[in-house]
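Chain and residue survey
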Amino acid sequence: MSDEYTYDEATGEWVAGGAATAVAADDGVVVVRDSVGNVLADGDQVTLIKDLTVKGAGQTLKRGTLIKSIRLTGDAQEIDCRYEGIKGLVLRAEFVRKR
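These lines cover the structure that appears in this document, whether it is placed above or below. Everything quoted here is computed from the prediction, not taken from an experiment.

On to the side chain of Asp34. Summarising the element assignment, Asp34 is placed in the loop between β4 (30-33) and β5 (39-40). Buried within the structure, Asp34 lacks any salt-bridge partner; Arg97 is the closest side chain of opposite charge, at an N-O distance of 6.3 Å. A distance of 2.7 Å separates the side chain of Asp34 from the backbone nitrogen of Lys98, its partner in a polar contact.

Now the structure itself:
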């Protein structure tokens, strides 16, 4: 684990480099960032950076799994996506990396 921090000019705070952050722009649009700070948008492809156990589905999504065509929700930390055999999958932005 690294102890890198970046300065967020919008909030005036130091933020952990690996942490997902969301910043509200002037027009009220929420900007969602992945685990390394890349801005996510609807339709992007992301890769999981950690094994995740899906509650209710009895499956574990392995690190490196490609998730296609994500959709942003109104929440700054959550993305909505589809994966074979799992309906209504919502992932936290801190566990994905933009491809």
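Continuing now.
With respect to topology, three strands assemble into an open sheet ordered β9-β6-β13, the strand pairing being antiparallel. The open sheet is flanked by β9 (66-67) and β13 (96-98), the only strands paired with a single partner. Bridging between strand β6 (residues 46-48) and β13 involves three bridges; their strand directions are antiparallel. When the bridges of β13 are listed, Leu48 appears paired with Val96.

A few words now on the sheet that holds strand β12 (residues 86-92). Pairing in this open sheet of three strands is antiparallel, and the strands run β10-β11-β12 from one edge to the other. Each of the sheet's edge strands pairs with one partner strand only, and the pair in question is β10 (71-72) and β12. Of the strand pairs in this sheet, strand β11 (residues 78-83) and β12 are connected by five bridges, and their pairing is antiparallel. Bridged to Cys81 within β12 is Leu89.

So, how was this worked out
Residues numbered from 1 in each chain as written. Predicted model: local features only at pLDDT ≥ 70, side-chain atom pairs only at ≥ 80, totals over all residues. Heavy atoms only, no water. Helix = DSSP H or I, 4+ residues; strand = E, 2+ residues; numbered from the N terminus. Buried < 20%, exposed > 50% of the residue type's maximum accessible area, 1.4 Å probe, protein only. Lys, Arg positive; Asp, Glu negative; His and termini not counted. Salt bridge = Lys/Arg side-chain N within 4 Å of Asp/Glu carboxyl O. Polar contact = N/O pair within 3.5 Å; in protein donor to acceptor, adjacent residues only side chain to side chain. Pairing = 2+ DSSP bridges.

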